[in-house]
Amino acid sequence: MNIEKTKAQMRKGVLEYCILSIITEKEVYASDIISKLKDAKLIVVEGTLYPLLTRLKNEDLLSYRWEESKSGPPRKYYEISETGKEFLANLDTSWKELVNAVNKLTGK
């Protein structure tokens, strides 16, 4: 069994939660999200992030606005919606329950 494949699947499973958590702090640009994920060792490339952001937007969990940039093309800034905040609160509860269950089963 390939441990890297399993680790990648585990990271993929929590990306939505982590992205919404990052966006709930303040309005952010995609490169800010990637930077925070990399800092947390949840390495993500733009090819993974943009489709996920589009899906979250289509599900009304976040919105975006365009802002002109002095150093290039306009930038898209993301913000969590009210629906997204409620969804994130539910994810917070689910995450805590999952961590507790895994800790119980693994004796941690």
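Residues numbered from 1 in each chain as written. Predicted model: local features only at pLDDT ≥ 70, side-chain atom pairs only at ≥ 80, totals over all residues. Heavy atoms only, no water.

Turning our eyes to something else, we now look at the overall build of the protein chain. Check the secondary structure of the protein chain and you find 4 helices and 3 strands. Traced from its N-terminal end to its C-terminal end, the protein chain shows the element sequence α-β-α-α-β-β-α. Here the C-alpha coordinates of the protein chain stretch approximately 55 × 30 × 20 Å along the principal axes. Evaluated residue by residue, the protein chain yields a buried proportion of 27% over its 108 residues. (Helix = DSSP H or I, 4+ residues; strand = E, 2+ residues; numbered from the N terminus. Buried < 20%, exposed > 50% of the residue type's maximum accessible area, 1.4 Å probe, protein only.)

What follows is about the side chain of S81. Inspection of the secondary structure assignment puts S81 in the loop between β3 (72-80) and α4 (82-106). A polar contact of 2.5 Å, which involves the side chain of S81, links it to the backbone oxygen of D60. Among the polar contacts made by the side chain of S81, one reaches the main-chain amide nitrogen of G84 at a distance of 2.9 Å. Apart from the residues within four sequence positions on either side, S81 is in contact with D60, L61 and L62. (Polar contact = N/O pair within 3.5 Å; in protein donor to acceptor, adjacent residues only side chain to side chain. Contact = heavy atoms within 4.5 Å.)

A few words on the nonpolar core. By size, the foremost hydrophobic cluster in this structure holds 22 residues, and its most contacted members are I19, I23, I33, L37, L49 and L53. Of all the secondary-structure elements, those providing two or more residues to this core are α1 (3-25), α2 (30-39), α3 (46-58) and β3. With 6 residues, α1 is the largest single contributor of residues to this core. Leaving out residues up to four positions away in the same chain, L37 has contacts with L15, C18, I19, I22, L42, I43 and V44. (Core = buried A, V, L, I, M, F, W, Y, C linked by side-chain atoms within 4.5 Å.)

Low pLDDT means the predicted coordinates in that region are not meant to be read closely. In this model, the protein chain carries an average pLDDT of 91, and 100% of its residues clear a pLDDT of 70 or more. Within the protein chain, α4 carries the highest mean pLDDT (95), whereas α1 carries the lowest (88). (pLDDT = per-residue confidence, 0-100.)

The next thing to look at is the pairing of β3. Across 2 bridges, strand β1 (residues 28-29) lies against β3 in antiparallel orientation. When the bridges of β3 are listed, V28 appears paired with Y78. Across 7 bridges, the pairing between strand β2 (residues 62-69) and β3 is antiparallel. Bridge assignment links E67 to a residue of β3, and that residue is R75. A loop of 2 residues connects β2 with β3, the two strands running antiparallel in sequence. (Pairing = 2+ DSSP bridges.)

Now for α1. The terminal C-alpha atoms of α1, which comprises 23 residues, lie 32 Å apart, in line with the 33 Å expected from a rise of 1.5 Å per residue. At L15, α1 shows its maximal kink, close to 45°. Burial in α1 covers these residues: V14, L15, E16, Y17, I19, L20, I22 and I23. Where α1 is buried, its residues touch β1, α2, α3, β2, β3 and α4. Between the side-chain oxygen of the N-cap and the backbone nitrogen of E4 there are 2.9 Å, and the N-cap of α1 in question is N2. (Expected span 1.5 Å × (residues − 1). Bend = angle between axes of the 7 residues up to and from the residue.)

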